[in-house]
Amino acid sequence: MWHTRITEQYGLEVPFVSAGMGFIAMPELVAAVSNAGGLGLLGAAPAPATALQQMIQGIRSMTSKPFGVDFVIADTAFGPSTTDEHIEVCIAEKIKVVVFFWNNPPARWVDRLHLAGAKVWVQVGSVERARESMSLGADAIIAQGSEAGGHNHSTVALSSLVPAVVDAVAPIPVMAAGGIADGRTVASALALGAEAVCVGTRLIASQEAYAHEEYKRRVVAAGSNDIARTSIFGVEWPDQPMRVIRNRVVSEWAGRDDKTPPAPDPPQFIGRTSIGGQEMPMPKFSAVLPTPETSGDFEEMCLAAGESAGLVKDIKPAGEIVREMMDEAAKIISSKLAPMPGP
Ligand SMILES: Cc1cc2nc3c(=O)[nH]c(=O)nc-3n(C[C@H](O)[C@H](O)[C@H](O)COP(=O)(O)O)c2cc1C
């Protein structure tokens, strides 16, 4: 049995949170992680509020366990990714955990959620941002290290960031995100002071992730050196640093990748996809991730993933991934990290 402040406060069997990956962490993945005793997070971005409500109801039809909803705070080509309506849906649906990422949420959302009995977590990449989130009233912090997949503005590795954030925001519990993909990395994050781990890349290679099979295959095939940090993807939301799997377009723009290049004229399309049931072409430099509904040239697409892709060897059910990672961590903690018996 695991006992950390996160398992105790949120009624979890294991201190394992699945990252709220936009496009990828859809109801099936959320329910699978929660059913395995962790906390599944729905990646709400970029869905509108009505679609969010349907997704939440979809999760409820698959699990009675706790789960949460993750929002990105940003203005994108789809409009503001989080609105008052999204927050009201969470309140109407009695969501217990709401996570915010990238920019700070307005104080009125934090207050509104607290009044409704929800807990607010904020994912940050620096000690300064962790302190700001604490002042906003965050109930827990997810510290995102620079090795993490997807959008990432941390410049500090997890091993330095987590203990620094733990010290800065005590007694607020801190979770660790970035580079965690097996029992060894779980054990090390807990040893650094994290009260739970938040895992993204490992779960792209799960059966339930809403990622295209070719994207999953490339996560399994990638070594840690195949991951790049780049800002080239973002027709819809320009100049945002991300960790992605290196493909042709990433290599072509290496060294000139601190901004999203101007949209080609005439427009170039790299494939087609569907968002919220609406078919659309994928423009070059799109940050939209490939789902089972995507077709096109994977050498041109944004394949968000972190350095821990190097540890991912197979695609399996998410529940099995959670159990294997946590069992391996428990063995390491009870054997290698336990004190030697005294005389
Ligand atoms: C494909 C992908 C999509 C992501 N989308 C989001 C998102 O929508 N919201 C968010 O808070 N974090 C997002 N992240 C970042 C995760 O929350 C988390 O920080 C990261 O996955 C942890 O590092 P890891 O990928 O090494 O496990 C995403 C990560 C990946 C890999």
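Higher on the page you've got the structure.
Residues numbered from 1 in each chain as written. Predicted model: local features only at pLDDT ≥ 70, side-chain atom pairs only at ≥ 80, totals over all residues. Heavy atoms only, no water.

J.: Describe the overall build of the chain, with residues and values.
T.: Helix and strand content of the chain: 12 helices and 16 strands. Relative to the 2.2 N^0.38 estimate, which gives 20 Å for 343 residues, the radius of gyration of the chain is 19 Å and therefore close to what a compact globule would have. Each of the three principal axes of the chain carries a C-alpha extent, and together these read 75 × 45 × 40 Å. Here the chain holds 343 residues, and 58% of them are scored as buried. Taking the intrachain contacts of the chain between residues at least 6 apart in sequence as the baseline, contacts between residues at least 24 apart amount to 63%. Total accessible area computed for the chain in this model is approximately 14000 Å², and 55% of it derives from carbon and sulfur atoms. (Helix = DSSP H or I, 4+ residues; strand = E, 2+ residues; numbered from the N terminus. Rg over C-alpha atoms; globule rule 2.2 N^0.38 Å. Buried < 20%, exposed > 50% of the residue type's maximum accessible area, 1.4 Å probe, protein only. Contact = heavy atoms within 4.5 Å. Areas by Shrake-Rupley, 256 points an atom, 1.4 Å probe, with all protein chains shown as cover.)

J.: Describe the pairing of strand S3 (residues 67-72), and please don't skip the residues or the numbers.
T.: With 6 of 6 residues buried, S3 lies mostly within the body of the structure. Side chains Phe67, Val69 and Phe71 of S3 all project onto a buried face; the interleaved residues Gly68, Asp70 and Val72 project onto the opposite face, where all are buried too. When strand S2 (residues 40-43) meets S3, the two strands line up parallel, connected through 4 bridges. Looking across to S3, one finds that Leu42 is bridged to Val69. (Pairing = 2+ DSSP bridges.)

J.: Before we move on, can you summarise empty space enclosed by the protein with the specific residues and values?
T.: Summed over the entire model, instances satisfying the criterion amount to 1 cavity of 30 Å³ or more. The space that makes up the largest cavity amounts to roughly 730 Å³. Around the largest cavity, the lining is made up of 43 residues, and of these Gly20, Met21, Gly22, Gly150 and His151 lie nearest the centre. When residues of the lining of the largest cavity are traced back to their parent elements, those giving at least two are S2, S3, strand S8 (140-144), strand S9 (150-151), strand S11 (196-199) and helix H9 (201-204). A per-class count over the lining of the largest cavity returns 26 nonpolar, 15 polar and 2 charged. (1 Å grid on protein atoms, 1.4 Å probe; cavity = no way out; pocket = protein on both sides within 12 Å on 5 of 7 lines; lining within 4 Å. Points joined across faces, edges and corners; volume = space filled by probe spheres on them. Nonpolar A, V, L, I, M, F, W, Y, C, P; charged D, E, K, R; others polar.)

J.: Help me get a handle on the site of the ligand, residues and values and all.
T.: Every one of the 23 residues lining the ligand counts as a neighbour, but Gly20, Asp70, Gln123, Gly200 and Thr201 are closest to it. Within the backbone of Gly22, an N or O atom sits 2.9 Å from an oxygen atom of the ligand. In the environment of the ligand, an oxygen atom lies 2.8 Å from a nitrogen or oxygen atom belonging to the side chain of Gln123. The fraction of the free accessible surface of the ligand (590 Å²) that becomes covered by protein chains is 96%. Mapping the ligand onto the cavity grids shows that it belongs to the largest cavity. Breaking the shell around the ligand down by element, the ones donating at least two residues are S3 and H9. (Near = heavy atom within 4 Å. Polar contact = N/O pair within 3.5 Å; in protein donor to acceptor, adjacent residues only side chain to side chain. Sits in = over half its atoms within 2 Å of the grid points.)

J.: Help me get a handle on the sheet that holds strand S1 (residues 16-18), residues and values and all.
T.: Spatial strand order, S1-S11-S10-S8-S7-S6-S3-S2: 8 strands in an open sheet with parallel pairing. With one partner strand each, in any of the chains shown, S1 and S2 form the two edges of the open sheet. Averaged over neighbouring strand pairs, the angle between their axes works out to 25 degrees when direction is ignored. In terms of strand pairing, S8 meets strand S10 (residues 174-177) through 4 bridges, oriented parallel. When the sheet's bridge partners are listed, Ile142 is paired in S10 with Met175. Here helix H3 (residues 49-60) sits on the sheet in contact with S2 and S3, set at roughly 155 degrees to S3. (Axes fitted to C-alpha atoms, helices over the stretch in contact; angles between N-to-C directions.)

J.: Describe the environment of Met280, listing the residues and the values that go with them.
T.: Inspection of the secondary structure assignment puts Met280 in strand S15 (residues 278-283). Sequence spacing of Met280 and Thr294 is 14 residues, and the spatial spacing of their C-alpha atoms is 9.6 Å. In this structure Met280 touches Arg272, Thr273 and Ile275, once residues within four positions along its chain are discounted.

J.: Please set out the pairing of S15 residue by residue, giving values where relevant.
T.: Successive side chains on a regular strand alternate, one facing one side of the sheet and the next facing the other. Sheet topology note: the strand S14 (residues 269-275)/S15 ladder contains 6 bridges and is antiparallel. Its bridge partner lying in S15, Arg272 is registered against Pro281. Adjacent in sequence and paired antiparallel, S14 and S15 are bridged by 2 residues, among which Gly276 carries a positive phi angle near 55 degrees.

J.: Can you explain the packing of aromatic side chains? Please cite residues and give values.
T.: Per the stated rule, a full pass over the model turns up 6 aromatic pairs. Relative to Trp109, the ring of Phe100 has its centre 6.1 Å away and its plane inclined at 25 degrees; by these criteria the two rings are stacked. In this pair, the class of Phe100 matches that of Trp109, namely buried. Relative to Phe285, the ring of Trp253 has its centre 5.5 Å away and its plane inclined at 90 degrees; by these criteria the two rings are edge-to-face. Of the two residues, Trp253 is situated in the loop between helix H11 (248-252) and S14 and Phe285 in the loop between S15 and strand S16 (295-296); the sequence distance between them amounts to 32 residues. Judged by relative accessible area, Trp253 falls into the partly exposed class, the value being 21%. A relative accessible area of 2% places Phe285 in the buried class. Taken together, Phe71, Phe100 and Trp109 form an aromatic cluster joined through their ring pairs. Its end group placed over the ring of Trp253, Arg256 keeps NZ or CZ at 4.2 Å from the ring centre. (Phe/Tyr/Trp six-rings, centres within 6.5 Å; stacked < 30°, edge-to-face > 60°. Lys NZ or Arg CZ within 6 Å of the ring centre and 35° of its normal.)

All we've got here are geometric facts, nothing functional implied.
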